[in-house]
Amino acid sequence: MEKQRNIFKRALMLAVPMMIQNGITNAVSLVDNIMVGSLGTEAMTAVSIVGQLIFVFNLAIFGGMSGPGIFGAQYYGQKNTEGFRSTVRIKHIIGLAALALGMCLFIFGGEQLIGLYLRGESDDIDPVLTMDYAKSYLGIMLWGLPPFVITQIYSSSLRETSDSLKPMVAGVASVVVDVVFNWLLIYGNLGFPKLGVRGAAIATVMARFVEMITVIVWAFAVRKKKHEFLIGLYKTLLVPKNTAKKIIIKTLPIFMNEFMWAGSIAALTQCYSKRGLDIVAGLNISNALCNLLNVVFVAMGNAVGILIGQTLGAKQYDRAKKESFKLMWFTGGISLLLTVILVSIAGVFPNIYATTDIVKSYATNFIILTAVFFPVQGFLNAMYFTLRSGGKTLITFLFDSVFSWVVSVSTAFLLCQFSPLPVFTIFAIVQAMDLIKVCIGFVLIRKGVWISNIV
């Protein structure tokens with residue numbers, strides 16, 4: 001019993017700072033959302049659409065960091081500092097390559113990507129005005145991508161050493177900047193120019209730079225005491241050929257998985273948007289609230305991956321398998337509490353927005369349906385990170401993004417395009433598809449196919 005409490009305590013000690021950081025960040029996104037929503041439904045919808053596109057990029061970066069991160073956690077468990085240093089160097093190379101590709105895609109194809117979400121009908125939303133807002137917002141948000149990538153390189157590496165405090169503090173600092181300058185620049189308070197949607201984007205970019213500077217300066221300030229891997233990190237970015245090959249082979253499936261999974265979420269929204277632009281607005285309100293709470297099981301999933309990875313690196317395989325199940329059920333139980341919270345406020349939250357009654361009604365229904373499946377998502381996150389901790393990246397690629405496209409997106413597309421079912425019924429059916437994935441994940445974890453020491 002004492003060991004069981006210990007693993008829960010270790011998981012929470014690692015996850016809680018991530019929850020606080022991501023929770024505060026999402027809370028600010030929620031405040032941004034409400035502030036922009038006060039400018040009108042078109043402004044809110046435009047920011048939501050661009051947010052979906054940036055989300056795909058962000059998840060691709062997370063995927064690019066996660067491949068080397070699997071090795072990083074195991075190297076740290078093995079106390080191999082030079083090996084850990086190699087993983088950080090590879091993160092730089094992957095991050096810069098992904099940044100270049102992402103910038104090119106958004107610069108040359110941004111308008112076409114935004115247009116995918118504006119094909120539905122609506123009596124209350126002007127698609128031309130929405131497009132203008134979205135293009136303006138995206139053009140400024142691109143300046144925030146480089147500091148975001150650099151922050152993720154450092155934050156992910158620090159977390160793999162079980163230090164999630166510095167990324168949390170950096171996140172809190174960025175949040176303060178974001179909130180203050182949103183208030184100043186969206187509405188033109190205290191003599192600042194009234195920039196509306198553009199003001200929201202400028203505030204976010206400023207926050208990204210503050211977060212990057214905070215985490216880098218603090219990490220290097222204590223490098224001799226706590227972060228030895230930073231000493232001599234930039235003497236070279238070259239990595240031993242065999243090490244680089246191993247890491248890249250494991251990284252590519254994760255990178256593609258995160259990119260394709262995020263793309264599947266964007267594609268699902270695009271499928272639902274065919275039923276009307278009001279649906280996109282309702283989903284935006286729902287996602288703003290639900291994302292505030294889903295940081296709990298996302299952070300728990302990250303903690304599970306790091307802890308199990310360190311245990312595998314120390315060659316304690318039986319312990320890793322037992323603890324994976326304990327953490328999986330623990331995460332599912334926490335997610336059930338989140339369901340209760342969300343359902344209790346589903347009817348109240350949409351009223352904060354200055355939008356139409358139909359959009360508020362859509363938002364309430366989407367919040368309730370999303371909340372019902374929160375425990376399923378909690379299980380899936382713990383399962384996904386457990387499978388990934390042993391380096392079985394091809395399995396996680398098939399388990400996660402391939403399933404999402406083949407099953408979830410295909411189901412949503414066919415039902416939205418060819419069935420008379422209400423959009424909420426379709427949404428519930430698509431969410432329920434994940435129960436199949438839970439069953440598959442449970443079998444894979446029980447069989448232990450993921451257990452391996454890759455360092």
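Now for a quick tour of the structure. Just so it is clear, the model here is predicted, and its values are computed rather than measured.

Examining the packing of aromatic side chains
Logical step 1: Summed over the entire model, instances satisfying the criterion amount to 13 aromatic pairs.
Logical step 2: Here the aromatic rings of F62 and F148 are separated by 5.9 Å at their centres, their planes lie at 70°, and the arrangement is edge-to-face. Note that F62 is positioned in helix α2 (residues 41–78) and F148 in helix α5 (residues 145–160), a separation of 86 residues in sequence.
Logical step 3: Judged by its relative accessible area of 33%, F62 is partly exposed.
Logical step 4: Arranged with centres 5.6 Å apart and planes meeting at 55°, the rings of Y272 and F427 form a pair that is tilted.

Focus on the nonpolar core
Logical step 1: If you look at the biggest cluster of nonpolar residues, it comprises 113 residues, and the most contacted ones within it are F57, F106, I114, Y137 and L342.
Logical step 2: Here the element with the most residues in this core is helix α9 (residues 277–313); it accounts for 19 residues.
Logical step 3: Apart from residues lying up to four places away in sequence, I114 is in contact with I49, V50, L53, M131, A134, K135 and L138.
Logical step 4: Grouped together as the second largest cluster of nonpolar side chains are 17 residues, L283, F366, L415 and I426 included.

Structural notes on the pattern of salt bridges
Logical step 1: For the structure shown, the criterion picks out seven salt bridges.
Logical step 2: Between E82 and R85 there is a salt bridge, with the nearest N and O atoms lying 2.5 Å from each other. Of this pair, E82 and R85 both sit in helix α3 (residues 81–115), three residues apart, which is roughly one turn of the helix.
Logical step 3: Note that K437 is salt-bridged to D400, the shortest N-O span being 3.3 Å. Of this pair, K437 sits in helix α15 (residues 434–447) while D400 sits in helix α13 (residues 393–418); the two residues are 37 residues apart in sequence, bridging distant segments of the chain. No difference in accessibility class separates K437 from D400, as the two residues are buried.

About the criteria used
- Residues numbered from 1 in each chain as written.
- Predicted model: local features only at pLDDT ≥ 70, side-chain atom pairs only at ≥ 80, totals over all residues.
- Heavy atoms only, no water.
- Phe/Tyr/Trp six-rings, centres within 6.5 Å; stacked < 30°, edge-to-face > 60°.
- Helix = DSSP H or I, 4+ residues; strand = E, 2+ residues; numbered from the N terminus.
- Buried < 20%, exposed > 50% of the residue type's maximum accessible area, 1.4 Å probe, protein only.
- Core = buried A, V, L, I, M, F, W, Y, C linked by side-chain atoms within 4.5 Å.
- Contact = heavy atoms within 4.5 Å.
- Salt bridge = Lys/Arg side-chain N within 4 Å of Asp/Glu carboxyl O.

Geometry only, nothing functional implied.
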